[in-house]
Amino acid sequence: RQQVAQLARKLEAEGLMAPERKRPIPRFCQRVAVVTSLSGSVIDDVKRTLARRNPLVQVQVAGCMVQGPGAPESIIRALGVAAAALLVRGGGSFEDLMTFNDEALARAVAACPVPVITGIGHEPDTSICDMVGDRRTSTPTAAAESVAPGIDEVELQISERAKRLVRSMSSTLAVSGQALDGLGALASRSLA
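No experiment lies behind these values; they were computed from the predicted model shown.

### Digging into the packing of aromatic side chains
Then step 1. Evaluation of the coordinates by the stated rule reveals 0 aromatic pairs.
Then step 2. Sitting over the ring of phenylalanine 94, arginine 1 keeps its end group 4.0 Å from the ring centre.

Take a look at the structure:
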């Protein structure tokens, strides 16, 4: 625990945890890569959550080891193929989650070319990857929910934008019509 705290202080001093460094997460992600183990229930939970909330989201799975020797390197390789990454893992003991306190992995998360949303463990669990990632969520399911607004919310936004577009076009047409009427009146007076 002392080594994890020391690493956290080091990475914080380097600015890897600074809020201004964190990339914005798109409100609606069209494509999401899920970086996790293929053997646990987490992948099924995330896929089910994304399908329920918004079936338009394309899911890419980047399987990797999430604990044990070689896990950090496996996750780093998986992050390399990700389009927009959900780095998720179900709960476990402090020791089980130590993979996510690895310095090389933390640096890979911070350097990932796409935003990284973490959902590691459960609510009280916080890893260094959570700290350097672009958004931390409390669970893998919460990570999935954070990148996929409900389809009903998307439909409402589209409907509201369509209404605004109709109002804007109506206003533009009315102003253009008035200008044409004014030009027509001016032309009639000029001819007379």
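### Observations concerning the sheet that holds strand 4 (residues 116–120)
Backbone-to-backbone hydrogen bonds join strands into a sheet, with any given pair of strands oriented parallel or antiparallel.
Then step 1. With parallel pairing, the 5 strands of this open sheet are ordered in space as 2-1-3-4-5. Edge strands, defined here as strands with exactly one partner in the open sheet, are strand 2 (58–63) and strand 5 (135–137). Recorded for the sheet is a direction-independent mean angle of 20° between the axes of neighbouring strands.
Then step 2. Summarising the sheet, strand 4 and strand 5 pair through 3 bridges and their orientation is parallel. Looking at the pairing, glycine 119 lines up with threonine 137 of strand 5.

### Some remarks on the nonpolar core
Then step 1. Core analysis: the largest hydrophobic core is formed by 29 residues, its most contacted members being Val35, Leu79, Leu87 and Val132.
Then step 2. Per-element tally for this core: the top contributor is helix 4 (residues 103–111), with 5 residues.
Then step 3. With residues up to four places along the chain from it excluded, the contact list for valine 132 reads Leu11, Leu16, Met17, Arg21, Lys22, Ala106, Val109 and Ala110.

### Some points on the pattern of salt bridges
Then step 1. Inspection of the entire model under this criterion finds 8 salt bridges.
Then step 2. Arginine 23 is the partner of aspartate 134 in a salt bridge, and the nearest nitrogen-oxygen pair spans 2.6 Å. Highlighted residues: aspartate 134 in the loop between helix 5 (128–132) and strand 5 and arginine 23 in the loop between helix 1 (2–13) and strand 1 (31–36), separated in sequence by 111 residues.
Then step 3. Residue classification places aspartate 134 among the buried positions, given a relative accessible area of 9%.
Then step 4. Residue arginine 23 is classed as partly exposed on the basis of its relative accessible area of 21%.
Then step 5. Where salt bridges share partners, they join Lys10, Glu14, Glu103 and Arg107 into one cluster.

The rules behind the values
Residues numbered from 1 in each chain as written. Predicted model: local features only at pLDDT ≥ 70, side-chain atom pairs only at ≥ 80, totals over all residues. Heavy atoms only, no water. Phe/Tyr/Trp six-rings, centres within 6.5 Å; stacked < 30°, edge-to-face > 60°. Lys NZ or Arg CZ within 6 Å of the ring centre and 35° of its normal. Pairing = 2+ DSSP bridges. Helix = DSSP H or I, 4+ residues; strand = E, 2+ residues; numbered from the N terminus. Axes fitted to C-alpha atoms, helices over the stretch in contact; angles between N-to-C directions. Core = buried A, V, L, I, M, F, W, Y, C linked by side-chain atoms within 4.5 Å. Buried < 20%, exposed > 50% of the residue type's maximum accessible area, 1.4 Å probe, protein only. Contact = heavy atoms within 4.5 Å. Salt bridge = Lys/Arg side-chain N within 4 Å of Asp/Glu carboxyl O.

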